[in-house]
Amino acid sequence: MSDLIAIIYPSEAKAEEVRQRLFKLQKEYLITISDAVIAVKTETGPVKLNQFVNTTAVGAVSGSFWGLLIGVLFLNPILGVILGAASGALGGALSDYGIDDAFMKDLSTSLQPGNAALFVLVKNMTADKVLREIQDAGGTVLKTSLDDSKEQKLREALARASAEQPPQTDAA
């Protein structure tokens, strides 16, 4: 069973930094991530999703391969690649992998403009080691599907880091 964790950060850059830390931890076999998406509320209002997997590109590549293969069989490989890429890209754009996009956009509407939420779908993790690596980034827990004790540990660790960081001021 997977767990969903959503943490709010003051900027997209901070959320991306934490996502990259999680990918590093995945290479060390401390966490297994199914999906990691950053949702950013733009200054104009709509929520933009920065996906972990670009399904349109993956669909286009696989469609090109199958189109080429079928095109070779029917003696028109270029037409096969074009039709395969187009149908693969369309199929990829229509598919949703991992965390539901509508759910993330709905949950992210409460963000302040410029803030970002990092949504992570975790298959399994070594919680104490992962938490130790990301707690200094701070953040505020928006939503989790963790059990109450694990969620409380996460909230306390992130709150401690947020309290230790001095408030940022804009340089004029």
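A brief report on the enclosed structure follows. (Residues numbered from 1 in each chain as written. Predicted model: local features only at pLDDT ≥ 70, side-chain atom pairs only at ≥ 80, totals over all residues. Heavy atoms only, no water.)

1. Things to note about the overall build of the chain
To keep it simple, the criterion reads: Every helix listed is a DSSP run of H or I at least four residues long, and every strand listed is a run of E at least two residues long, numbered separately from the N terminus. We call a residue buried when its accessible area falls under 20% of the maximum for its residue type, exposed when it is over 50%, and partly exposed in between, using a 1.4 Å probe and counting protein chains only. The contact criterion used throughout is that any non-hydrogen atoms of two residues lie within 4.5 Å. Note that accessible areas follow from Shrake-Rupley with a 1.4 Å probe, and for residues the cover is restricted to the protein chains shown.
Helices and strands together make up the secondary structure of the chain, namely 6 helices and 5 strands. Sorting the 172 residues of the chain into buried and exposed places 36% on the buried side. Taking the contacts inside the chain whose residues are at least 6 apart along the sequence as the reference set, 71% of them involve residues at least 24 apart. Carbon and sulfur atoms make up 60% of the accessible area of the chain, which totals about 10,300 Å².

2. Some points on the pattern of salt bridges
Threshold: The salt bridge criterion pairs a side-chain nitrogen of Lys or Arg with a carboxyl oxygen of Asp or Glu, the two atoms within 4 Å.
Considering all chains together, one arrives at 6 salt bridges under this definition. Put simply, K14, E17, R21 and D136 are held in one network by salt bridges that share partners.

3. Brief notes about the sheet that holds strand β5 (residues 140-144)
This is how the line gets drawn: In this scheme, strands are said to pair when DSSP sees at least two bridges between them. Between the N-to-C directions of two axes lies an angle of 0 to 180 degrees, each axis being a line fitted to C-alpha atoms and, for a helix, fitted only over the stretch in contact.
Read from one edge to the other, the open sheet built from 5 strands follows the order β3-β2-β4-β1-β5, with strand pairing classed as antiparallel. If you trace the sheet from one side to the other, it starts and ends with β3 (47-50) and β5, each paired once. Between one strand axis and the next, the sheet turns by 25° as a mean value, whatever way the strands run.

4. Notes on the packing of helix α1 (residues 12-27) against helix α5 (residues 127-134)
For any two helices packed against each other, the geometry is given by the interaxial angle and the distance between the axes. The test is simple: For a crossing to be left-handed, the near helix must be turned anticlockwise from the far one by less than a right angle; the clockwise case is right-handed. Charged means Asp, Glu, Lys or Arg here, nonpolar means Ala, Val, Leu, Ile, Met, Phe, Trp, Tyr, Cys or Pro, and polar covers whatever is left, Gly included.
Where α1 meets α5, the axes come as close as 10 Å, and the angle between the chain directions of the two elements is 145°. Classified by chirality, the crossing of α5 by α1 is right-handed. The residues of α5 that touch α1, namely those facing V18, R21, L22 and L25, are V130, E133 and I134. Broken down by class, the residue content of the contact of α1 with α5 amounts to 5 nonpolar, no polar and 2 charged.

5. Describing unusual backbone geometry
The phi dihedral of Y29 is positive, around 60°, even though this residue is not glycine. Residue placement: Y29 occurs in the loop between α1 and β2 (31-41). Judged by relative accessible area, which is 75%, Y29 ranks as exposed.

6. Side note on the pairing of β2
With 10 of 11 residues buried, β2 lies mostly within the body of the structure. When β2 meets strand β4 (residues 116-125), the two strands line up antiparallel, connected through 9 bridges. Along β4, the bridge assignment pairs V37 with F119. Where β2 and β3 come together, 4 bridges link them in antiparallel fashion. Across the sheet, V40 pairs through a bridge with K48, a residue of β3. Hairpin connection between β2 and β3: a loop of 5 residues separates the two successive antiparallel strands, and G45 in this loop has a positive phi of roughly 120°.

7. So, α1
Three- or four-residue spacings in an α-helix give side chains the same orientation, since the helix completes a turn every 3.6 residues. For clarity, the cut-off: Under the convention used throughout, the expected extent of a helix is 1.5 Å for every residue step, that is, one less than its residue count. Within this analysis, the arc is defined by the directions that extend from the helix axis to the C-beta atoms.
Given a rise of 1.5 Å per residue, 16 residues ought to cover 22 Å, and the 23 Å separating the end C-alpha atoms of α1 matches this to within 8%. Residues of α1 that are buried: A15, V18, R19, L22, F23 and L25. The buried residues of α1 occupy an angular sector of 160° when the element is viewed end-on, so they sit on one face. Of the exposed residues in α1, the ones pointing more than 90 degrees away from its buried face are A13 and K27. Turning to α1, the residues buried within the fold contact β1 (3-9), β2, β3, β4 and α5. Y29 lies just past α1 and shows a positive phi near 60°.

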